[in-house]
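Structural features, examined
What follows is the residue order along each chain.
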2 protein chains.
Amino acid sequence: MSRPCRIAVDLLGAELPAADLLNGAVDALEQHPNCELTFICNRRELKPRVCASQRIVHCEHWVHEQDSLREVLSERTQTSMHVGMHMLQDRAVDGFVSVGSTGALMALGRHLLHTPNGIDRPAVIKEFDGRRRPFWMLDLGANIVRKPSTLHQFARLGVAYACRVGKVKKPRVALLNIGIEERKGPALLRDAAQMLDKSRDLDFVGFVEPSRIFDDTADVVVTDGYAGNIALKSVEGTVNFIRDVFLHELAEDSGNDAAKLIRKPARKRFRRLMKKLDSQRHNGASFVGLNGVVVKSHNSTTQAGMTAAIDRAVCEVELHVPEKIEKFFNKE
Amino acid sequence: MSRPCRIAVDLLGAELPAADLLNGAVDALEQHPNCELTFICNRRELKPRVCASQRIVHCEHWVHEQDSLREVLSERTQTSMHVGMHMLQDRAVDGFVSVGSTGALMALGRHLLHTPNGIDRPAVIKEFDGRRRPFWMLDLGANIVRKPSTLHQFARLGVAYACRVGKVKKPRVALLNIGIEERKGPALLRDAAQMLDKSRDLDFVGFVEPSRIFDDTADVVVTDGYAGNIALKSVEGTVNFIRDVFLHELAEDSGNDAAKLIRKPARKRFRRLMKKLDSQRHNGASFVGLNGVVVKSHNSTTQAGMTAAIDRAVCEVELHVPEKIEKFFNKE
């Protein structure tokens, strides 16, 4: 049997009780029987349920939203996020899932794990289903970007991911903006566009509007953390809304005989659609640009969301994502 | 018979040929037989098709994306946007639909038509369907906002719209942000939140994430033009994408007998859903805060989109939206 895939899961500070999130984690173990989970949480909340492939590291403190960068990095060093990140740094685990703040995860990850050659900051990346093929968007919320060169680095990280993980031969790169004309949007984006346009090693196709990202216009969509997070959450909100409208439509007809007849085939069809939708709303976005697998989970995640976030981390470990990204930059 | 509703439609600079957009306009006339349309376009492109309730004002120039504010306001004054806006200013028409640039429309509208008491800038507003009730979001792309007071004014405009047009008694106001915690997002938003929180006449409920706007968390969602446009276009893109996945699912089964049996009821159900979706993707967003009805159409609009934009303008005229907003501010 191959070496187990070891994932640390920081549960402190989540909206749901740790015990509920544990159930989600157990579902992930069913999908990945070779996985070993370490929960970083308050032992009193979880002890009775833990089985052989799960262990607990006790912790009572977590990074708060209001903590400053200095507090996160050098003062409050006993938090669950520190514990998990140190385990990853020491190779005691292969991946780390956290419900903590994205900004703090980025800062601490950058502080404790190194970034590839020529890359200053990691970014949150996510794969989306497009009409005919997938695409990747980054940064989805880890960085407040002030320099065009940061967006240029994100483009390179995105290309590395699309090439090495997504197996896209020559990824097309676009910058997310509110229009495709050269003069549109903030100066930061216009300057970044000029920089990208001059990069011979990148296939830059210009600006893309959020209304066109699903249309296979680019393989890598680059954005700053603010606009990226607005876009990501708008997509998620719309998908959830439409899904609920669906379910309501299905439920509405429950008293009707004709409806009963078609319910099964209709459900089958809806299920296929839901599957497509689900990929856009899955919890768990991973960092690219750190030499370790770090997955950010919503702190308001459901049980199923926790399963998805752990699944994301296991996949990244099994695909050797950080190693592939690292190699890409060493070869460049 | 009541007085006709007169709408000027600026077609110059659109992606589709004027003749195609005219077909969309004709569909709008069918819905609103009391409507009179004035097309501002190159006469050579449209002449043969025009009937009694339509006329043409010839124009060959339009505002270009690269035109500076000075050019728009005082140098290139022979554009189709000027012609339409002047017709509105002179009350030669009751509403104006333009495919031109949002920023230019905002600037020219503000220059030629006045704004209500205490309001410096108009904003683009749109009604969305939420889970149980509609909500309104502004600004969706007209302004680059630098001052918290501008967002405060948008909140007041949104409340005026929700009260007087949407008939919401005490609209709840939220600020769009990437998180709901006090410290989240740019300083502009945090300062605006403090300002809104202190306003006794506003029911401010805090930040809302784009993933929650459909959940009836607020009646008025306030945002700056950049984030608002990113959110709007992300919603539109997702709806279009899901719609196409639907249609594909329906088409896929075409050879299957069982599928044929259920197609009709399934289509009926899809249609109900589509109707709900369509309201999120309709072309045509109106300005609030100008003493005249101005509707911005995508310049890449389809024929059906043109119908929707004209329909939007007619509705605003018939509901006396600018007069209601004006009164709200005079009474305050």
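Scroll up a little and you will see the structure.
These notes cover the structure that comes with them. Quantities reported herein were computed from a predicted structural model and do not represent experimental measurements.

Procedures and definitions
Residues numbered from 1 in each chain as written. Chains lettered and ligands numbered in written order. Predicted model: local features only at pLDDT ≥ 70, side-chain atom pairs only at ≥ 80, totals over all residues. Heavy atoms only, no water. Helix = DSSP H or I, 4+ residues; strand = E, 2+ residues; numbered from the N terminus. Buried < 20%, exposed > 50% of the residue type's maximum accessible area, 1.4 Å probe, protein only. Contact = heavy atoms within 4.5 Å. Areas by Shrake-Rupley, 256 points an atom, 1.4 Å probe, with all protein chains shown as cover. Axes fitted to C-alpha atoms, helices over the stretch in contact; angles between N-to-C directions. Parallel < 35°, antiparallel > 145°, perpendicular 65-115°, else oblique. Left-handed = near helix turned anticlockwise from the far one by under 90°. Nonpolar A, V, L, I, M, F, W, Y, C, P; charged D, E, K, R; others polar. Salt bridge = Lys/Arg side-chain N within 4 Å of Asp/Glu carboxyl O. Lys, Arg positive; Asp, Glu negative; His and termini not counted. Polar contact = N/O pair within 3.5 Å; in protein donor to acceptor, adjacent residues only side chain to side chain. Pairing = 2+ DSSP bridges. Right-handed = clockwise from strand over helix to strand, strands pointing away. Phe/Tyr/Trp six-rings, centres within 6.5 Å; stacked < 30°, edge-to-face > 60°.

**Thoughts on the overall build of chain A**
Broken down by element type, chain A carries 11 helices and 11 strands. Taken across its 332 residues, chain A has 58% of its residues classed as buried. Long-range pairs, those at least 24 residues apart, make up 71% of the contacts in chain A with a sequence separation of at least 6. If you sum the accessible surface of chain A, you get close to 14500 Å²; carbon and sulfur atoms cover 49% of it.

**What to know about the packing of helix 6 (residues 148–164) of chain A against helix 7 (residues 187–198) of chain A**
All names here are of chain A. Following both chains from N to C, one finds helix 6 and helix 7 inclined at 55 degrees, their axes separated by 8 Å at the closest point. Classified by the angle their axes make, helix 6 and helix 7 are oblique. Considering how the two elements wind past one another, helix 6 and helix 7 form a crossing that is right-handed. Each of Pro 148, Ser 149, Leu 151, His 152 and Ala 155 in helix 6 lies in contact with helix 7, whose residues at this interface are Leu 188, Leu 189, Asp 191, Ala 192, Met 195 and Leu 196. Taken together, the residues that form the contact of helix 6 with helix 7 break down as eight nonpolar, two polar and one charged.

**Observations regarding the pattern of salt bridges**
Residues and elements named next belong to chain B. In the structure shown here, the tally under the stated rule is 24 salt bridges over all chains. Residues Asp 216 and Arg 132 are paired through a salt bridge, measuring 3.3 Å at the closest nitrogen-oxygen approach. Here Asp 216, found in the loop between strand 8 (203–208) and strand 9 (220–222), pairs with Arg 132, found in the loop between strand 5 (123–129) and strand 6 (134–138); they are 84 residues apart in sequence, far enough to count as distant. We classify Asp 216 as buried; its relative accessible area is 8%.

**Digging into unusual backbone geometry**
Residues and elements named next belong to chain A. In this chain, Leu 138 is followed by Asp 139 through a cis amide linkage whose omega measures -5 degrees. Structurally, Asp 139 can be placed in the loop between strand 6 (134–138) and helix 6. For Lys 167, which is not a glycine, the phi torsion comes out positive at approximately 60 degrees. Assignment of secondary structure puts Lys 167 in the loop between helix 6 and strand 7 (172–176).

**Points about the side chain of Glu 326 of chain A**
Within the secondary structure layout, Glu 326 of chain A lies in helix 11 (residues 321–331). Lacking a salt bridge, the buried Glu 326 of chain A has Arg 91 of chain A as its closest oppositely charged neighbour, with an N-O distance of 7.6 Å.

**Topic: helix 5 (residues 102–112) of chain A**
All names here are of chain A. Helix 5 sits mainly inside the fold: eight of its 11 residues count as buried. Of the residues making up helix 5, those classed as buried are Thr 102, Ala 104, Leu 105, Met 106, Ala 107, Leu 108, Gly 109 and Leu 112. Each element contacted by the buried residues of helix 5 is listed here: helix 3 (69–75), helix 4 (80–89), strand 4 (95–98), strand 5 (123–129), strand 10 (285–288) and strand 11 (293–296). Regarding helix 5, its N-cap is Ser 101, as a side-chain oxygen of that residue lies 3.4 Å from the backbone nitrogen of Gly 103 further along.

**A look at the pairing of strand 1 (residues 5–10) of chain A**
Look at any regular strand and the pattern is simple: side chains alternate between the two faces of the sheet. Residue and element names in this part refer to chain A. When you tally the buried positions in strand 1, you get five out of six residues, the bulk of the element. Where strand 1 and strand 2 (residues 35–41) come together, six bridges link them in parallel fashion. Residue pairing for strand 2: Arg 6 is matched across the bridge by Glu 36. Once the chain exits strand 1 it traverses helix 1 (residues 18–31) before rejoining the sheet at strand 2, and the crossover so formed is right-handed.

**Some details on the packing of aromatic side chains**
A full pass over the atoms with the stated rule returns eight aromatic pairs over all chains. Judged by centre distance (5.5 Å) and plane angle (75 degrees), the rings of Phe 328 of chain A and Phe 329 of chain A are edge-to-face. Each member of the pair, Phe 328 of chain A as well as Phe 329 of chain A, carries the same accessibility label: buried. A network of ring pairs unites the aromatic residues Phe 128, Phe 135 and Phe 214 of chain A together with Phe 241 of chain B as a single cluster.

**Considering the sheet that holds strand 6 of chain B**
All names here are of chain B. Spatially, the 11 strands line up as an open sheet ordered 3-2-1-4-11-10-5-6-9-7-8, and their pairing is mixed. Among the strands making up the open sheet, the edge pair consists of strand 3 (54–58) and strand 8. Each neighbouring strand pair of the sheet contributes to a mean axis angle of 25 degrees, computed without reference to strand direction. Taken together, the three bridges between strand 5 and strand 10 (residues 285–288) define a ladder with antiparallel strand orientation. Bridge assignment links Val 124 to a residue of strand 10, and that residue is Phe 287. Contacting strand 1 (5–10), strand 2 (35–41), strand 3, strand 4 (95–98) and strand 11 (293–296), helix 4 (residues 80–89) crosses the sheet at an angle of about 165 degrees to strand 4.

**Brief notes about the sheet that holds strand 1 of chain A**
Remark on secondary structure: sheet strands pair via backbone hydrogen bonds, oriented parallel or antiparallel. Residues and elements named next belong to chain A. The mixed open sheet is built from 11 strands, whose spatial order is 3-2-1-4-11-10-5-6-9-7-8. One side of each edge strand has no neighbouring strand; the edge strands of this open sheet are strand 3 (54–58) and strand 8 (203–208). Taking each pair of neighbouring strands and ignoring which way they run, the sheet shows an average axis angle of 25 degrees. Across the face of the sheet, helix 1 comes into contact with strand 2 and strand 3 while running at roughly 165 degrees to strand 2. Its contacts with the sheet place helix 10 (residues 303–318) against strand 1, strand 2, strand 4, strand 10 and strand 11, and it is angled at close to 140 degrees to strand 1.

**Observations concerning the packing of helix 1 (residues 18–31) of chain B against helix 10 (residues 303–318) of chain B**
Residues and elements named next belong to chain B. At a closest axis distance of 7 Å, the pairing of helix 1 and helix 10 adopts a crossing angle of 45 degrees. As summarised for this structure, helix 1 and helix 10 are arranged oblique, according to the angle between their axes. Helix 1 and helix 10 meet at a crossing whose hand is right-handed. Contacts between helix 1 and helix 10 involve Asp 20, Leu 21, Asn 23, Gly 24, Ala 25, Asp 27, Ala 28 and Gln 31 from the former and Gln 303, Met 306, Thr 307, Ile 310 and Asp 311 from the latter. In terms of residue class, the contact of helix 1 with helix 10 is made up of five nonpolar, five polar and three charged.

**A few points about the pairing of strand 7 of chain A**
Residue and element names in this part refer to chain A. Most of strand 7 sits out of view: four of its five residues are buried. Pairing of strand 7 with strand 8 involves four bridges; the strand directions are parallel. Among the inter-strand pairings, Leu 176 is bridged to a residue of strand 8, identified as Val 208. Handedness of the strand 7-helix 7-strand 8 crossover: right-handed. Sheet topology places strand 7 next to strand 9 (residues 220–222); three bridges connect them, and they run parallel. Residue pairing across strands places Ala 174 opposite Val 221, the latter belonging to strand 9.

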